[in-house]
Amino acid sequence: MTSVRVERLYKIFGPQPTELVRRLEAGADQEEIKAASSTAAVVDASFDVQEGETFVVMGLSGSGKSTLIRMLNGLLTPTAGRVFVDDEDITKMSAGALRTMRQQKMSMVFQHFALFPHRTVLDNAGYGLQIKGAGKSEITEKAREALSLVGLEGWEERYPQQLSGGMRQRVGLARALAAHTDVLLMDEAFSALDPLIKREMQDQLLNLNAKLGKTIIFITHDLNEAMRLGDRIAMMRAGEIVQIGTAEQILNEPADDYVASFVQDVDRSRVLSAASIAEPPETLLSASASPDEALALMRQQHTDRLFVADGGQRLLGELSAAAAEQAHQDGRSDVRSVLAPVTDPVAGTTPMKALLSRMSTEAVPTPVVDEQQRLLGVITPVAVFQALCQEVPAAEGGDGADAAAIKEASASDV
Ligand SMILES: Nc1ncnc2c1ncn2[C@@H]1O[C@H](COP(=O)(O)OP(=O)(O)OP(=O)(O)O)[C@@H](O)[C@H]1O
Ligand SMILES: [Mg+2]
């Protein structure tokens, strides 16, 4: 089910915004907008975020990420286009209706989360509920629960200055969680944290969300973070969404040079999964095949080992040449009864990194299966090394300034 849907969204800062949208639609470029002393911060953005999905928006500084996310909860009014939250067009709502919508449906966590210094951690976490007019006991109960979700049990009566930066950010997250909204908007929520704490927060968000199943729209300029957290990633450049896809799609098929420069330094072995590098097995036999058919396929493929699957592609076992020969001599009609179990098939979601040591010793193709034990394909050491070494297409005629800025942005995150 769709949670948030955006249709042809624009935000122009500066004079004559509506006229400039018309010109952009007619093909005007950013230079023309600048010449009119305006900024096209978001240009023709369209996407859907599904319930329970983590949708990451990434792009360089100034590419329009914050402007986009602020239009999703009505903090900014779009110049053109529509935003639907649970199928309701929020661009048509009054200020009051928007406030209610935010309180009931969307919470936001920012990069520099402002905690009130003279309020306790508990009061800070309960602030959103207090604004909503909730009763004292409800505020206390929900704020405590949210603080324990983010690992801050026992810190309720402390004050912000007694907390580390990472802990303060957790209070911010707890405040958003305490509001019990289905959607969380997170604008660079972890960017100010140092790398270890940042990773911890990412893990915590992943764990939390496995339990809570919230819809999360998460902004970052850190690609590794985007790839760890995002079910899908939208890449923004100069106000436009240039690509939306899974981490693997972005890594394997970058839409343009801008996206390619972002992904060139990514650790491919962490992102690519066994399923993405599995190749269709040439040595797959149906369980209803006769021993003669099995032997013929082995000769044709120059192998003495076949994988055997049922009609629904489910992996039943493997067949050796000796077993097929025996079945032939015993006059069996099919190979079902002489199969050996497959040793340790690999789950399709396994990251390549976890396969490296196995590949270094395994001489034969390894089967890859989904949760239903259906055969997705086989992987070989050669395929693994090819995938690791695959070069992202060189930025031909690309924007050199972008590439340099991207490098700088990612360097500052390591
Ligand atoms: N209130 C505003 N008035 C005028 N221009 C603005 C305003 N807010 C943002 N902009 C401009 O819109 C563009 C997009 O800004 P935005 O803050 O959305 O980018 P961002 O991708 O979030 O960047 P960062 O990674 O630095 O947070 C920038 O050129 C910015 O200067
Ligand atoms: Mg921003």
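No experiment lies behind these values; they were computed from the predicted model shown.

Cut-offs and rules
- Residues numbered from 1 in each chain as written.
- Chains lettered and ligands numbered in written order.
- Predicted model: local features only at pLDDT ≥ 70, side-chain atom pairs only at ≥ 80, totals over all residues.
- Heavy atoms only, no water.
- Buried < 20%, exposed > 50% of the residue type's maximum accessible area, 1.4 Å probe, protein only.
- Helix = DSSP H or I, 4+ residues; strand = E, 2+ residues; numbered from the N terminus.
- Pairing = 2+ DSSP bridges.
- Near = heavy atom within 4 Å.
- Polar contact = N/O pair within 3.5 Å; in protein donor to acceptor, adjacent residues only side chain to side chain.
- Areas by Shrake-Rupley, 256 points an atom, 1.4 Å probe, with all protein chains shown as cover.
- Core = buried A, V, L, I, M, F, W, Y, C linked by side-chain atoms within 4.5 Å.
- Domains from an automatic or database assignment.
- Contact = heavy atoms within 4.5 Å.
- Phe/Tyr/Trp six-rings, centres within 6.5 Å; stacked < 30°, edge-to-face > 60°.
- Lys NZ or Arg CZ within 6 Å of the ring centre and 35° of its normal.
- Axes fitted to C-alpha atoms, helices over the stretch in contact; angles between N-to-C directions.

Trainee: Help me understand the pairing of strand S3 (residues 54-59) in this model?
Mentor: One face of the sheet, then the other: side chains in a regular strand alternate in exactly this way. In terms of residue burial, S3 counts as a mostly covered element, since six of its six residues are buried. Side chains Thr54, Val56 and Met58 of S3 all project onto a buried face; the interleaved residues Phe55, Val57 and Gly59 project onto the opposite face, where all are buried too. The pairing of S3 with strand S8 (residues 215-220) spans five bridges and is parallel. When the bridges of S8 are listed, Val56 appears paired with Phe218. With five bridges connecting them, S3 and strand S9 (residues 232-237) associate as parallel partners.

Trainee: What should I look at first to understand unusual backbone geometry in this one?
Mentor: Comment: phi is negative for the bulk of residues other than glycine, and the bulk of peptide bonds are trans. Positive phi outside glycine occurs at Asp44, with the angle close to 50 degrees. Within the secondary structure, Asp44 is located in strand S2 (residues 39-50). Residue classification places Asp44 among the partly exposed positions, given a relative accessible area of 33%.

Trainee: Honestly, the site of ligand 1 in this entry has me stumped. Any pointers?
Mentor: Neighbouring ligand 1 are Phe13, Thr39, Ala41, Leu60, Ser61, Gly62, Ser63, Gly64, Lys65, Ser66, Thr67 and Glu188. Take Ser61: an N or O atom from its side chain is 2.5 Å from an oxygen atom of ligand 1. Gly62 is positioned with one of its backbone polar atoms (N or O) 2.8 Å from an oxygen atom of ligand 1. Protein burial of ligand 1: of its 640 Å² of free accessible surface, 57% is covered by the chains.

Trainee: Looking at this structure, how should I read the nonpolar core?
Mentor: Proteins that are soluble and globular tend to have nonpolar side chains buried together. In terms of nonpolar packing, the biggest core is built from 60 residues, with Leu173, Met186, Met227 and Ile233 touching the most fellow members. No other element matches helix H8 (residues 165-178), which puts seven residues into this core. A domain split of this core shows at least three residues from each of domain 1 (2-6 + 49-264) and domain 2 (275-389). Those residues in contact with Met186 that sit more than four places away from it in its chain are Ile69, Val109, Leu173, Leu205, Ile216, Ile217, Phe218 and Ile219. Residues Val4, Leu9, Val57 and Met71 belong to the second largest nonpolar core, which totals 27 residues.

Trainee: Can you help me understand the packing of aromatic side chains in this one?
Mentor: The geometry of an aromatic ring pair comes down to the distance between the two centres and the angle between the two planes. The full count for this structure, using the stated rule, is four aromatic pairs. A centroid spacing of 4.8 Å and a plane angle of 20 degrees characterise the contact between Phe47 and Phe55, whose relative ring orientation is stacked. Across the pair, Phe55 and Phe47 agree in class, each one buried. With a centroid separation of 5.2 Å and an interplanar angle of 80 degrees, the aromatic rings of Tyr258 and Phe262 are classed as edge-to-face. Taken together, the residues Tyr258 and Phe262, both in helix H12 (residues 257-263) and four residues apart, mark about one turn of the helix. You can call Tyr258 buried: its relative accessible area is 3%. Exposure remark for Phe262: the relative accessible area of 7% places this residue in the buried category. Over the face of the ring belonging to Phe84 we find Arg5, whose NZ or CZ atom lies 4.2 Å from the ring centre. A cation over a ring is seen here: Arg158 above Trp155, with NZ or CZ 4.6 Å from the ring centre.

Trainee: Just to check I follow, could you spell out the domain arrangement of the protein chain for this structure?
Mentor: One frequently used descriptor of interface size is the decrease in accessible area upon assembly of the parts. Taken domain by domain, the protein chain holds domain 1 (2-6 + 49-264) and domain 2 (275-389). Here the C-alpha centroids of domain 1 and domain 2 sit 44 Å apart.

Trainee: Looking at this structure, how should I read the sheet that holds S8?
Mentor: Two pairing modes exist for strands in a sheet, parallel and antiparallel, and in both the strands are linked by backbone hydrogen bonds. The strand order across the open sheet built from six strands is S6-S7-S8-S3-S9-S10, with neighbouring strands paired in mixed fashion. Of all strands in the sheet, those with a lone pairing partner are strand S6 (106-109) and strand S10 (240-245), marking the two edges. On average, each strand axis in the sheet is tilted by 15 degrees relative to the strand beside it, whichever way the strands run. On top of the sheet, H8 reaches S6 and strand S7 (183-187); it is set at about 175 degrees to S6, its chief contact.

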